[in-house]
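Residues per chain, in single letters:
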Amino acid sequence: MTKKPVQNEPLVTHIYTADPSAHVFDGKLYIYPSHDLDHDMESNDNGDQYKMEDYHVLSMENVSAPVVDHGEALHVKDVPWASKQMWAPDAAYKNGKYYLFFPARDHDDIFRIGVATSDNPAGPFKAEDNYLEGSFSIDPAVLVDDDQKSYIYFGGLWGGQLEKWQTGEFIQDAEGPDPKAPALGPRVAELSEDMLSFKSEVKEISIVDEEGNPILAEDEDRRFFEGPWVHKYNGLYYLSYSTGTTHKIVYAVSENPTGPFTYKGTILKPVIGWTTHHSIVEFEGKWYLFYHDCSLSDGINHKRSVKFTELTYSEDGTIQTIDPYAN
Ligand code: FUB
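Scope of this entry: the structure provided in the associated data block. Since we're looking at a predicted model, the values are computed, not measured.

Cut-off values and rules
- Sequence positions are assigned chain by chain, starting from 1 and proceeding in written order.
- Note on the predicted model: pLDDT of at least 70 is required for a residue's local features to be given, and 80 or more for side-chain atom pairs to be given and counted; whole-chain, interface and lining totals, by contrast, use all residues.
- To obtain the side-chain values, all non-hydrogen atoms of the structure were used and water was disregarded.
- Grouping buried Ala, Val, Leu, Ile, Met, Phe, Trp, Tyr and Cys residues that are joined through side-chain atoms within 4.5 Å yields what is termed a nonpolar core.
- Throughout, exposure labels follow a simple rule: accessible area from a 1.4 Å probe, protein chains only, divided by the maximum for the residue type, with under 20% read as buried, over 50% as exposed, and the rest as partly exposed.
- Helix and strand assignments come from DSSP, with helices taken as H or I runs of at least 4 residues and strands as E runs of at least 2, each series counted from the N terminus.
- Contact criterion: two residues are considered in contact whenever any of their non-hydrogen atoms come within 4.5 Å of each other.
- Only strands that DSSP links by at least two bridges are regarded as paired with each other.
- Proximity is defined per residue: if any heavy atom of the residue lies within 4 Å of a molecule or strand, that residue is considered near it.
- Between N or O atoms, a polar contact is any pair within 3.5 Å; within protein, one atom must be a potential hydrogen donor and the other a potential acceptor, and residues adjacent in sequence are included only when both atoms are from side chains.
- Only Asp, Glu, Lys and Arg are considered charged in this grouping, and only Ala, Val, Leu, Ile, Met, Phe, Trp, Tyr, Cys and Pro are considered nonpolar; every other residue, Gly among them, is considered polar.

1. A short note on the nonpolar core
Right, so step 1: One finds Phe 101, Ile 152 and Ile 207 to be the most contacted residues of the largest nonpolar core, which totals 36 residues.
Right, so step 2: Looking at which element gives the most residues to this core, the answer is strand S11 (residues 150-154), with 4 residues.
Right, so step 3: Ile 152 has contacts with Phe 101, Ile 113, Leu 132, Pro 140, Ala 141, Val 142, Arg 187, Val 188, Ala 189, Leu 191 and Phe 198, leaving out every residue within four places of it along the chain.

Printed below as a string of structure tokens:
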């Protein structure tokens, strides 16, 4: 048990945590973060410094109750197909079970997405023997829709390897698209009833501007980089994501879970540290943004801490931009 949470301050300080996926299960808030390791390796653009090995689940009875760290929920040594780098996870509930979706490099150094199951939202989770067939890249996020169809969104540039999958095959030396071409979109697939496989083909999501023109690769203020998250508000699907090199969380809206999504604006201004990664959840009548920054480590990019803050919609359904250091 740790201290009571304060908005815009680290949720826990006894470990470094990042990439929070927040959900309400059994009337409580559960947070599924990455678990950053405390080491002194140099950073590179491939993200080798993010060499996480396990996951811890955090929970809170409510937003002012102490945060509970439920301990190790899954370790890479217990995932037969994975070799290293347990990056940003997500969780879902269906069929009376809890599912932890997570990316890791396989034994050929290729990022894949796996799933592990538990009867308890805090784990421990038991991994399937193989990754989800047809999966690739990083940062899974799962939406169980009101009609109980489930969708998995994923993808990330650079170390997340999305550029290497443009043909549908893994091409080690593939470059990103021409700057004037449409940016690479996150990917989506419908999940099977048992949540353990893809039911549909993997589709690339199109993100367009208000005129319907695709966001271009050179438009680094608006194009998708990594960390997709989809939530519903007033019947619309909100896709939010990190812009990577410009360090923002932005969003786009659609009437359809698989898009196309129309770009709307910025949710979170840049935080301390290179990466930014978030989730959005409704809890007890309010909306919250979970995110991370590197304030606790004085700006060391791979030693991050999960924080949260309230998120507000305007009457027209747009999300008000959050400055994480405004107060
Ligand atoms: O935590 C490792 C990677 O950093 C995540 O997968 C990305 O979204 C970025 O936050």
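There is more to say, and it comes next.
2. Remarks on the pairing of strand S7 (residues 97-106)
Right, so step 1: Most of S7 is tucked away, with 9 of its 10 residues classed as buried.
Right, so step 2: Both strand S5 (residues 82-84) and S7 contribute to a ladder of 2 bridges, which runs antiparallel. Among the inter-strand pairings, Lys 84 is bridged to a residue of S7, identified as Arg 105.
Right, so step 3: Sheet analysis places strand S6 (residues 90-94) next to S7, joined by 5 bridges and oriented antiparallel. The residue bridging Ala 92 from the neighbouring strand is Tyr 99, located in S7.
Right, so step 4: Here S6 folds back onto S7, and the loop between the two strands holds 2 residues, one of which, Asn 95, carries a positive phi near 55°.
Right, so step 5: One ladder, built from 8 bridges, connects S7 with strand S8 (residues 111-118); its direction is antiparallel. Bridging across to S8, Phe 102 finds its partner in Gly 114.

3. A closer look at the site of the ligand
Right, so step 1: In the neighbourhood of the ligand, the contacting residues comprise Asp 19, Met 52, Trp 87, Ala 88, Ile 138, Asp 139, Glu 226, Thr 275, His 277, His 292 and Arg 304.
Right, so step 2: Between Arg 304 and the ligand, the recorded distance is 2.7 Å, taken from a side-chain N or O atom to an oxygen atom.
Right, so step 3: A breakdown of the residues in the shell around the ligand according to their chemical character gives 4 nonpolar, 3 polar and 4 charged.

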